[in-house]
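# Chain and residue survey
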Amino acid sequence: MTAESTTLNIALVGSPNCGKTALFNRLTGSRQKVANYAGVTVERKEGLFNTPAGRRVRVLDLPGAYSLDANSPDEAITRDLCRGTLAGETRPDLLVCVVDATNLRLHLRFVLELRRLGQPMVLVLNLMDQAKRRGILIDTALLQQRLGMPVIETVAIKSGGTQALLAALDEEAPAPGAVEDTDDSDLHAQVSALLAEAVTMPDRTDRLDDRLDRWLLHPVLGLVILAVVMFLMFQAVFAWAAPVQNLFGGGIAALGAQVGAWLPEGPVRSLVQDGLFSGLGTVMEFLPQILLLFAFILALEESGYLPRAAFLLDRPMRASGLTGRSFIPLLSSFACAIPGIMATRSIQGPRDRLTTILVAPLMTCSARLPVYTLLISAFIPRQEVLGVFNLQGLVMFALYAAGIVSALGAAWVIKLLRRDDGEHVLLLELPSYRLPQLRDLAIGLWERASIFLRRVTGIILSLTVLLWFLSTYPGPPEGAVGPAIDYSLAGRIGHWMVPFFAPIGFTWQICIALIPGLAAREVAVAALATVYAISASGDDAAAQALSPLIAADWSVATALSLLVWYVYAPQCLSTIAVIKRETNSWKQAGIATFYLFALAYLASFITYQTAVAWR
Ligand SMILES: Nc1nc2c(ncn2[C@@H]2O[C@H](COP(=O)(O)OP(=O)(O)OP(=O)(O)O)[C@@H](O)[C@H]2O)c(=O)[nH]1
Ligand SMILES: [Mg+2]
């Protein structure tokens, strides 16, 4: 039998945050999400690669688990795969058991537990660079002998850091049962014995991590620092991105005017100018801002700070019926609720998990940024507050805060309505602090930018063109007075929706924009731009920027009401679909849709009526 003739099936198993996904990416050249906290991977991922000797290997990346007693849905995948009971998967030929070499005391226990399964295994000591830097000495030969399996050192983040593993895969896999473990003494005792023999820890205990934690985990100071970090993030997204964004927007508008002037008058020109440049261009402008937000989130994810923030927030969050465990899923929801909702798979308690899923859409996702930014720049004066802050940035922060506070409130209500299934103590592994690598950040941002561009050129483009079509046809009848769009299908739908939305101050143009906004929130902005550009083209042939148009057309009360609407509105069908999938229940998806919609209407109503009465 030659090495090429069969595919070797291997699975990467081990405790959370030991670098399994980093190894997987290095081996297969893929770009699965890697971050410095436990529970990043929640689904199995499959990849293929060839060893230097030409052996074909199929590798599974699995969610991290501390033991085979799974508590959460993601850990159950790992448990079932190792036991060979996972639907649609055969038992792997070789378990590649990965551990964090700086954290052997915690991670070796799982290795010993896995060894009892009696399957062919190799042990991979990852993060060897960190272990060496800290002066941790590991006698791998001795470890190999005591464990009865090959022990390999890797550095998953370095190119060539997996050579030893690749070489090991080229050797014949050990026969099943060869490493059968008969020692049934306490696993903890076994780990201690192994460590005493094979590992020498450095004497120096005062590490940078501990010194940092003294500040960052301080019950009062820690919370203050967390608030400052979050605040800086939002202020930056608004204040720092603005110049780049204006430049970018200006470029798109200038290009639109050029192309428009070059095209002959008629429907094609209207489509290109009103649909593509006004509609899509308005969304494109937000790329710098969205990337800045992601840069912040990515840097936080790699730094190791997030689990600490979760730890700090555990107590305050318990007051509302959540725990610190929900923090990371909720923070991811700032990017998009979909990965946030999927990240809840690492939450143990089913009730905690459901609550987190139901409130995740209240976190302000990046698709809402265009809507917020547009309205804020049109209606909120650019003023300095207290010399350092910018009023527009403050309003943005307030909108994010409103989302967070509402999420906590909603969780509190859900807690009242549902019986608790017991308390869950927060057990979190605090990873080492790490300076985010520029290269990783760049890759992460590139991924984000391409997702955004794919959205823009896919769903947003098609909906914008569709909306342009509906807003243009049918054309006005002979001798019609008033803007042509009033006679179009979209215009009629908008007018037909107005009575329902008038109490919250929405104009018919807003009503039109709400519909395509269901598919992707950014489309609401593109839709408004298209509708206004078409409405304006009668008297003002050159397509205008949206912001001055709405500033002239809407009252401040309407603008505020729309801002508040977007804090709550469940206007994203994909989110509802993911809630259905993750809870496996139409009822929960229905509850989420209904309560978010009701909250949105109520909050907008209060805002609009108060703002009108105020003036
Ligand atoms: N210095 C160093 N960092 C590493 C190494 N391998 C992984 N990392 C970092 O360790 C962190 C965790 O890596 P992941 O690959 O996401 O860990 P995982 O085991 O897949 O984690 P879960 O999916 O949560 O189970 C990330 O911040 C990586 O950049 C390594 O060999 N050296
Ligand atoms: Mg992973």
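The model shown is predicted, which means the values in this text are computed figures rather than measured ones. (Residues numbered from 1 in each chain as written. Chains lettered and ligands numbered in written order. Predicted model: local features only at pLDDT ≥ 70, side-chain atom pairs only at ≥ 80, totals over all residues. Heavy atoms only, no water.)

Turning our eyes to something else, we now look at the environment of V151. Tracing the backbone shows V151 in strand β7 (residues 151-153). Taking the C-alpha atoms as reference points, V151 and A168, 17 residues apart in sequence, are found 9.4 Å from one another. Each residue touching V151, except ones within four places of it in the same chain, is listed here: L123, L125, T140, L143 and Q144. (Helix = DSSP H or I, 4+ residues; strand = E, 2+ residues; numbered from the N terminus. Contact = heavy atoms within 4.5 Å.)

Moving on to the site of ligand 1. Close contacts around ligand 1 come from 25 residues, with K20, T21, A22, G39 and T41 the closest. A distance of 2.7 Å separates an oxygen atom of ligand 1 from a polar atom in the side chain of K20. E302 places a side-chain nitrogen or oxygen 3.0 Å from an oxygen atom of ligand 1. Computed on the free molecule, ligand 1 has an accessible area of 650 Å², of which 99% lies beneath the protein chains in the complex. With three residues, helix α1 (residues 20-28) is the single largest residue contributor to the shell around ligand 1. Here the shell around ligand 1 is composed, by residue class, of 12 nonpolar, nine polar and four charged. (Near = heavy atom within 4 Å. Polar contact = N/O pair within 3.5 Å; in protein donor to acceptor, adjacent residues only side chain to side chain. Areas by Shrake-Rupley, 256 points an atom, 1.4 Å probe, with all protein chains shown as cover. Nonpolar A, V, L, I, M, F, W, Y, C, P; charged D, E, K, R; others polar.)

Turning next to the environment of I380. Of note, I380 is situated in the loop between α16 (369-379) and β9 (384-385). What makes I380 buried here is its relative accessible area of 14%. Counting along the chain gives 176 residues from I380 to V556, while the straight-line C-alpha distance between them is 8.9 Å. For I380, the contacting residues outside a window of four places in its chain are L375, L391, Q392 and V395. (Buried < 20%, exposed > 50% of the residue type's maximum accessible area, 1.4 Å probe, protein only.)

If you trace the backbone, T356 turns up in helix α15 (residues 350-359). Given a relative accessible area of 0%, T356 falls into the buried group. What T356 contacts, discounting residues up to four positions off in sequence, is L322, S326, P329, L330, T344 and I347.

You can read the domains of the chain as domain 1 (8-204) and domain 2 (223-425 + 439-614). Centre-to-centre, using C-alpha coordinates, domain 1 lies 41 Å away from domain 2. Contact residues are listed per partner, giving 13 residues for domain 1 and 17 residues for domain 2. Summed over both partners, the interface of domain 1 with domain 2 buries about 1,300 Å², with 52% contributed by carbon and sulfur atoms. If you sort the residues of domain 1 by the area they bury against domain 2, R31, N36 and Y37 come out on top, with a joint share of 41%. In this assembly, domain 1 and domain 2 are joined by three salt bridges. (Domains from an automatic or database assignment. Buried area = accessible area lost by both parts, 1.4 Å probe. Salt bridge = Lys/Arg side-chain N within 4 Å of Asp/Glu carboxyl O.)

The next thing to look at is a nonpolar patch on the surface. Side chains of L489, I493, W496, I515, L518 and L573 sit close together on the surface and give an oily, nonpolar patch of about 580 Å² of accessible area. With three residues, helix α19 (residues 489-501) is the single largest residue contributor to the nonpolar patch. Turning to its location among the elements, L489 is positioned in helix α19. (Patch = residues over 30% accessible without salt bridge, like charges linked within 9 Å, V, L, I, M, F, W, Y side chains within 5 Å.)

Attention now goes to unusual backbone geometry. The omega torsion of the bond from Y473 to P474 falls at -10°, within 30 degrees of zero and hence cis. Not every positive phi belongs to a glycine, and N17 is a case in point at roughly 65°. Relative to the assigned elements, N17 resides in the loop between β1 (7-14) and α1. Not every positive phi belongs to a glycine, and L127 is a case in point at roughly 60°. Within the secondary structure, L127 is located in the loop between β5 (121-126) and α4 (128-133). Look at L127 and you get buried, because its relative accessible area is 12%.

Before going further, it helps to spend a moment on the coordination of the magnesium ion (ligand 2). Protein coordination at the magnesium ion (ligand 2): the donors are T21 (OG1) and T41 (OG1), at 1.9 to 2.0 Å from the metal. Placement of the pair is T21 in helix α1 and T41 in the loop between α1 and β2 (45-50), with a sequence separation of 20 residues. Accessibility expressed as a relative area gives 8% for T21, which makes it buried. On the basis of relative accessibility, which here comes to 14%, the residue T41 falls in the buried class. (Donors = N, O, S within 2.8 Å, 3.2 Å for Na, K, Ca; no water.)

This next bit is on helix α22 (residues 546-553). Working note: α-helix, 3.6 residues per turn, so residues spaced by three or four point in the same direction. Listing the buried residues of α22 in full gives L546, L549 and I550. Summarising the axial view, the buried residues of α22 lie within an arc of 90°, below the 170-degree limit, and thus occupy one face. (Arc of directions from axis to C-beta.)

One pass over the structure, following the stated rule, counts three cavities of 30 Å³ or more. Volume-wise, the second largest cavity comes out at about 40 Å³. As for the second largest cavity, its lining consists of N9, I10, R58, L60, E89, T90, R91 and P92. Within the residue set of the lining of the second largest cavity, elements represented by two or more residues are β1 and β3 (56-61). In terms of residue class, the lining of the second largest cavity is made up of three nonpolar, two polar and three charged. (1 Å grid on protein atoms, 1.4 Å probe; cavity = no way out; pocket = protein on both sides within 12 Å on 5 of 7 lines; lining within 4 Å. Points joined across faces, edges and corners; volume = space filled by probe spheres on them.)

Strand pairs in the sheet, formed through backbone hydrogen bonds, run parallel or antiparallel to each other. Across the sheet, six strands lie side by side as β2-β3-β1-β4-β5-β7; this open sheet has mixed pairing. The two strands at the open ends of the sheet, each matched to only one other strand, are β2 and β7. For this sheet the average axis-to-axis angle between neighbouring strands, irrespective of direction, equals 25°. The pairing of β2 with β3 spans six bridges and is antiparallel. Paired with N50 across the strands is R56, a residue of β3. Relative to the sheet, helix α6 (residues 163-170) contacts β1, β2, β4 (94-100), β5 and β7, its axis offset from that of β7 by approximately 145°. (Pairing = 2+ DSSP bridges. Axes fitted to C-alpha atoms, helices over the stretch in contact; angles between N-to-C directions.)

Looking now at the pattern of salt bridges. Scanning the model with the defined rule gives 18 salt bridges in all. One salt bridge in this structure joins R318 and D314, with 3.0 Å as the shortest N-O distance. Placement of the pair is R318 and D314 together in helix α12 (residues 306-318), with a separation of four residues, close to one helical turn. For R318, a relative accessible area of 24% corresponds to the partly exposed category. Residue R351 is joined to D352 by a salt bridge in which the shortest nitrogen-to-oxygen separation is 3.3 Å. D352 shares its class with R351; the two are buried. Through salt bridges that share partners, E43, K45, R345, R353, R581 and E582 make up one connected network.

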